[in-house]
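What the coordinates show
The lines below spell out each chain.
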Amino acid sequence: MGKEKIILTADRPTGKLHIGHYVGSLKRRVELQNSNLYDKIFIMIADAQALTDNAENPEKVRQNIIEVALDYLACGIDPTKSTIFIQSQIPELCELAFYYMNLVTVSRLQRNPTVKTEIQMRNFATSIPVGFFTYPISQASDITAFKATTVPVGEDQEPMLEQTREIVRKFNAVYGETLIEPEILLPDNSACLRLPGTDGKAKMSKSLNNCIYLSESADDLQKKIMGMFTDPGHLRVQDPGKIEGNTVFTYLDAFCKPEHFEKYLPDYPNLDELKAHYQRGGLGDVKVKRFLNAIMQEELEPTRSRRKEFEKDIPAIYNILKKGSEVAREAAADTLSDVRKAMKINYFDDDELIAEQSKKFGQK
């Protein structure tokens, strides 16, 4: 039996998606979806996971489900090729996670670098919610439920995936070959690994108010780009400027293509020349920002207009999510049935067990 190639990816619905998500994962997802190299693609809106640290704010999660779905569709995720579903609508995932919890120690979870970082970042210490603490286990249940062979994520998620692989190996060692071990698929463009926020902070985040959203209007996009962090030492046009840590140039690395120069900045043949001029002085930030704005408007305009179309029929979007969740639930139920059988807790489906017990208690 040839192993099917199956992808699982996910986003937490805690806000609209921004261009960090776009270059980090969304653009790649659309390429993978259209490559026809995979038998199935599952894209999960991880609302249950978002509730592990937003438990007191369910409305935030509820409101953002539709925002994320609209961003997916606007970017080119096609529900006829990819199954888009909502995590909380698949109760089988909780049951799998519950069984996997028996295979993982507390100290192993504490050593998970992703969990460690989050604990420090949120000052949780011992007040960390159990749901959040066991997030790597629930992620293992999401991945294995759909028999995913491939999980496209950034390098920061490698420890999470390693934990999933450990759970798979442990389960298969204890109960027999049942679960599939997933492979990680890392981004192929290093500039795309992590886009900084518009303020130059390492991470784009809604709370820092330094995001450029995919659904941004043309005016707001321009405002954000023109207000972007550059080299604080580059005060006059004639001053030499720094490229390192200069957000505008980081974005140009991620989005600029050779043909953009002909179109919007014909005085320069390529990005290297633009950088060289900036570094030796004589090139103002405004000119570079205007160039970046032209590129970003071109990049985001198709997404923006597609989103406006999708927004015209919201019930249809919920219907896509409902259908996707039904397909996903069927797949997860299949895996759960295999897991229950392997763990010998499928009592009512096990005719041999019933026959054996009848014999034991002397019934003919």
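Structure's up top.
Presented here is a report on the structure given in the accompanying data block. Keep in mind it's a predicted model, so treat the numbers as computed, not measured. (Residues numbered from 1 in each chain as written. Predicted model: local features only at pLDDT ≥ 70, side-chain atom pairs only at ≥ 80, totals over all residues. Heavy atoms only, no water.)

**Examining the packing of aromatic side chains**
One pass over the structure, following the stated rule, counts 10 aromatic pairs. Between Phe42 and Phe85, the aromatic rings sit 6.3 Å apart at their centres with planes inclined by 85°, giving edge-to-face as the arrangement. Linking Phe42 in strand 2 (residues 40-45) with Phe85 in strand 3 (residues 83-86), this pair joins segments that are 43 residues apart in sequence. Pair check on accessibility: Phe42 and Phe85 agree, each one buried. Taking 4.8 Å as the distance between ring centres and 45° as the angle between the ring planes, the aromatic pair formed by Phe261 and Phe291 counts as tilted. Of this pair, Phe261 sits in helix 12 (residues 258-264) while Phe291 is found in helix 14 (residues 285-310), placing the two residues 30 residues apart along the sequence. Each member of the pair, Phe261 as well as Phe291, is classed as buried. Site record: aromatic cluster; members linked through ring pairs are Phe42, Phe85 and Phe146. (Phe/Tyr/Trp six-rings, centres within 6.5 Å; stacked < 30°, edge-to-face > 60°. Helix = DSSP H or I, 4+ residues; strand = E, 2+ residues; numbered from the N terminus. Buried < 20%, exposed > 50% of the residue type's maximum accessible area, 1.4 Å probe, protein only.)

**Description of the pattern of salt bridges**
A complete count under the given rule lists 26 salt bridges for this structure. Between Lys27 and Glu299 there is a salt bridge, with the nearest N and O atoms lying 3.5 Å from each other. You can see Lys27 sitting in helix 1 (residues 19-34) and its partner Glu299 sitting in helix 14, a full 272 residues away along the chain. Overall, Glu299 belongs to the buried group, its relative accessible area being 13%. Salt-bridge contacts for Glu166 lead to Arg108; the nearest nitrogen and oxygen are separated by 2.8 Å. Highlighted residues: Glu166 in helix 9 (residues 158-175) and Arg108 in helix 5 (residues 106-111), separated in sequence by 58 residues. When its relative accessible area of 30% is taken as the criterion, Glu166 is described as partly exposed. Residue Arg108 is classed as buried on the basis of its relative accessible area of 14%. Put simply, Glu67, Asp71, Arg307 and Glu311 are held in one network by salt bridges that share partners. (Salt bridge = Lys/Arg side-chain N within 4 Å of Asp/Glu carboxyl O.)

**Points about the packing of helix 11 (residues 247-255) against helix 14**
As a packed pair, helix 11 and helix 14 sit with axes 10 Å apart at the nearest point and diverge in direction by 40°. As for how helix 11 packs across helix 14, the hand of that crossing is left-handed. Residues Val248, Phe249, Tyr251, Leu252 and Phe255 of helix 11 pack against Val288, Lys289, Phe291, Leu292, Ile295, Met296 and Glu299 of helix 14. Among the residues making up the contact of helix 11 with helix 14, the classes are represented as 10 nonpolar, no polar and two charged. (Axes fitted to C-alpha atoms, helices over the stretch in contact; angles between N-to-C directions. Left-handed = near helix turned anticlockwise from the far one by under 90°. Contact = heavy atoms within 4.5 Å. Nonpolar A, V, L, I, M, F, W, Y, C, P; charged D, E, K, R; others polar.)

**With respect to the environment of Gly15**
Assignment of secondary structure puts Gly15 in the loop between strand 1 (6-11) and helix 1. Overall, the relative accessible area of 6% leaves Gly15 in the buried class. Aside from chain neighbours lying at most four places away, what touches Gly15 is Asn64, Val68 and Lys206.

**So, the pairing of strand 1**
Along strand 1, five of the six residues are buried, which leaves the element largely enclosed by surrounding structure. In this sheet, strand 2 lies alongside strand 1 in parallel orientation, the contact comprising six bridges. The residue bridging Thr9 from the neighbouring strand is Ile43, located in strand 2. Read as a crossover between parallel neighbours, the route from strand 1 over helix 1 to strand 2 is right-handed. (Pairing = 2+ DSSP bridges. Right-handed = clockwise from strand over helix to strand, strands pointing away.)

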